[in-house]
Amino acid sequence: MSRNGGTAEDAKAAASHAGSDGGNDTLRHYIEVNEGRKAKVYNDTKGHPTVGIGFNLDRGNARAVMKSLGIDYDKVRAGQAILTDAQINHLFDHDVRTATSDAKEVVGSKTFGELSEGRRIVVIDMVFNLGKAGLANFRKAISAIQQGNYNEAAKQMKDSAWYGQVGDRAKRNVEMMRSGDGPADSHEPEHGGSRPSTHVWHQAPALSDVRSGLAVLKLGQEGPAIKKVQTILDLA
């Protein structure tokens, strides 16, 4: 799983798919904003072929997961097949469930259950970004989380190599761990300036709902639908 921004075309259905335990649209949208959404294979920042929402094709179970969903791994990896929105969502479902389960195991089920929504999202997103072993390496931060010392946990996260490697994603996670707020209170767009933002992120509805008349876009909203509209206006 890698950090990469998605294009407007790839993000058409960005916030429209509901999930569970996951059944949390805020969690899912937050990870998707961090990872990006790509229908065709690309190389992530470490050179791993990746597709969908941070689905690393080099990982050990990638072929088996794709096969279980009827996806031709070899064609996708060779760039000869484009994933549908449904296939991207199914791969994402699998990864969100796995990341949630791993986060619970690393910090402990009891501790995980006592965390605010924002702090749960942080540890799940870190598993999605770093893997289970990667989160487990934050021993001092995990110990602080288990003790309810969230300022210390945030400090330990900030004092890591990871913080300097993933940019604004890390800044958001550190602030959410410190404050306990969800991404609606702490989201900062990529390339949004040199200092972390705490402006309110009002999630826009899915573009498909806007097109069908089930929802409307409003000032102050952000998300894939807004990016798509901005792209259209830029091309006009």
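The rules we used
- Residues numbered from 1 in each chain as written.
- Predicted model: local features only at pLDDT ≥ 70, side-chain atom pairs only at ≥ 80, totals over all residues.
- Heavy atoms only, no water.
- Phe/Tyr/Trp six-rings, centres within 6.5 Å; stacked < 30°, edge-to-face > 60°.
- Helix = DSSP H or I, 4+ residues; strand = E, 2+ residues; numbered from the N terminus.
- Buried < 20%, exposed > 50% of the residue type's maximum accessible area, 1.4 Å probe, protein only.
- Contact = heavy atoms within 4.5 Å.
- Polar contact = N/O pair within 3.5 Å; in protein donor to acceptor, adjacent residues only side chain to side chain.
- Pairing = 2+ DSSP bridges.
- Core = buried A, V, L, I, M, F, W, Y, C linked by side-chain atoms within 4.5 Å.
- Axes fitted to C-alpha atoms, helices over the stretch in contact; angles between N-to-C directions.
- Parallel < 35°, antiparallel > 145°, perpendicular 65-115°, else oblique.
- Left-handed = near helix turned anticlockwise from the far one by under 90°.
- Nonpolar A, V, L, I, M, F, W, Y, C, P; charged D, E, K, R; others polar.

## Here we look at the packing of aromatic side chains
Next up, step 1: Evaluation of the coordinates by the stated rule reveals two aromatic pairs.
Next up, step 2: Geometrically, the ring pair formed by F92 and F128 is edge-to-face, given 5.8 Å between the ring centres and 80 degrees between the ring planes. Here F92 is found in helix α4 (residues 85-107), whereas its partner F128 is found in helix α6 (residues 117-130), with 36 residues between them in sequence.
Next up, step 3: Given a relative accessible area of 3%, F92 falls into the buried group.
Next up, step 4: Taken together, a centroid distance of 5.7 Å and an interplanar angle of 90 degrees make the contact between F138 and W162 edge-to-face.

## Details of the environment of D125
Next up, step 1: With respect to the element layout, D125 can be found in helix α6.
Next up, step 2: Separated by 98 residues in sequence, D125 and L27 place their C-alpha atoms 8.2 Å apart.
Next up, step 3: Dropping the residues within four chain positions of it, D125 is found in contact with Y30, I31, N34, R169 and N173.
Next up, step 4: Only 3.0 Å separates the side chain of D125 from the side chain of N173, close enough to count as a polar contact.

## Structural notes on the sheet that holds strand β3 (residues 55-56)
Next up, step 1: Spatially, β1-β2-β3 is the arrangement adopted by the three strands of the open sheet, whose pairing is antiparallel. Strand pairing shows two members of the sheet lacking a second neighbour, β1 (38-43) and β3, which therefore form its edges.
Next up, step 2: Bridge analysis of strand β2 (residues 49-52) against β3 gives two bridges, and the strand direction is antiparallel. In the strand pairing of β3, T50 is matched with N56.

## Quick notes on the nonpolar core
Next up, step 1: M66, V123, M157, W162 and M177 are the most contacted members of the largest nonpolar core, which totals 51 residues.
Next up, step 2: Per-element tally for this core: the top contributor is α4, with eight residues.
Next up, step 3: With near-sequence residues (within four places) excluded, M66 lies in contact with V51, F55, L57, I71, Y73, V76 and L91.

## Some details on the pairing of β2
Next up, step 1: Pairing analysis gives three bridges linking β1 to β2, with the strands arranged antiparallel. Residue pairing for β2: Y42 is matched across the bridge by T50.
Next up, step 2: In textbook terms, the turn of a hairpin is the stretch between consecutive antiparallel strands, and for β1 and β2 this stretch comprises five residues, one of which, G47, has a positive phi near 90 degrees.
Next up, step 3: Here β2 folds back onto β3 in antiparallel fashion, the turn holding two residues, of which G54 has a positive phi close to 70 degrees.

## Section: the packing of helix α1 (residues 25-35) against α6
Next up, step 1: Their axes nearest at 10 Å, the elements α1 and α6 cross at an angle of 40 degrees. The angle between the axes of α1 and α6 places the two elements in the oblique class. Crossing of α1 against α6: the hand is right-handed. Contacts between α1 and α6 pair T26, L27, Y30, I31, N34 and E35 from the former with E117, I121, I124, D125, F128 and N129 from the latter.
Next up, step 2: Its residues assigned to classes, the contact of α1 with α6 shows six nonpolar, three polar and three charged.

## Comments concerning the packing of helix α9 (residues 150-158) against helix α11 (residues 168-179)
Next up, step 1: At a closest axis distance of 7 Å, the pairing of α9 and α11 adopts a crossing angle of 165 degrees. In terms of their interaxial angle, α9 and α11 are classed as roughly antiparallel. Crossing hand, α9 versus α11: left-handed. Residue-level inspection shows Y150, N151, A153, A154, M157 and K158 of α9 in contact with α11, the latter providing N173, V174, M177 and R178.

## With respect to the environment of K40
Next up, step 1: Note on placement: K40 falls in strand β1.
Next up, step 2: Between the C-alpha atom of K40 and that of G52, which follows or precedes it by 12 residues, the distance is 7.4 Å.
Next up, step 3: When neighbours within four sequence positions are excluded, K40 is seen to be in contact with T50, V51, G79 and I82.

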